[in-house]
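Okay, here's what each chain looks like letter by letter:
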Amino acid sequence: MEIIRIIGIALIALIIIIMLKQYRPEYAIFISLLTGVLILFLVMDRLTGIINLIQSIKDKFSINTQFIALLIKITGIAFLSEFAVSICKDSGEAAIASKIELGSKIIIISMSIPIISSLLEIILKILP
């Protein structure tokens, strides 16, 4: 099971970080970052499977390609910003983390406007 591997890597990294903080606290953030990247690589195979499934659904139901691309980009922004926020919070920079959250939310909202406007047009066509 992949989750056991992920949890194992995270717990080993946590132990290393706790031990490093006593002697070399500046290296602890690097171990945290490396662990996060390693976990992202472990789940990358699953992520490509999800993208392939979305592509097959798009082809089956003839959904607009631009909307699918936007949804994948928005999801990627959400994951990457959450990763960056976690790293900032782990290093004690909550102020920077909140700015990343705000910036990513604004970007996601601005990117989703075409989808929202298209949905509103469809709803207005259906309503009498």
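Nothing here was measured: the structure is a model prediction, and the numbers come from that model.

(A) Structural context of the overall build of the chain. When helices and strands are tallied, the chain shows four helices and zero strands. Overall, the chain shows an N-to-C arrangement of helices and strands of α-α-α-α. Here the chain has a C-alpha radius of gyration of 20 Å; the compact-globule value for 128 residues is 14 Å, and the former is much larger. Seen through its C-alpha atoms, the chain measures out along the principal axes to roughly 70 × 35 × 20 Å. Counting all 128 residues of the chain, 17% fall into the buried class. Considering only contacts in the chain between residues 6 or more positions apart, those separated by 24 or more positions represent 56%.

(B) Spotlight on the pattern of salt bridges. Summed over all chains, the structure comprises four salt bridges. Across the pair Glu26 and Arg24 runs a salt bridge, and its minimum N-O distance is 3.5 Å. For Glu26, a relative accessible area of 40% gives the class partly exposed.

(C) Focus on the environment of Ser32. Within the secondary structure, Ser32 sits in helix H2 (residues 25-61). What makes Ser32 buried here is its relative accessible area of 14%. Put simply, Ser32 and Ile87 are 55 residues apart on the chain and 7.4 Å apart in space, counted from C-alpha to C-alpha. Setting aside residues up to four positions removed in sequence, Ser32 forms contacts with Ile17, Ile87 and Asp90.

Quick notes on the rules
- Residues numbered from 1 in each chain as written.
- Predicted model: local features only at pLDDT ≥ 70, side-chain atom pairs only at ≥ 80, totals over all residues.
- Heavy atoms only, no water.
- Helix = DSSP H or I, 4+ residues; strand = E, 2+ residues; numbered from the N terminus.
- Rg over C-alpha atoms; globule rule 2.2 N^0.38 Å.
- Buried < 20%, exposed > 50% of the residue type's maximum accessible area, 1.4 Å probe, protein only.
- Contact = heavy atoms within 4.5 Å.
- Salt bridge = Lys/Arg side-chain N within 4 Å of Asp/Glu carboxyl O.

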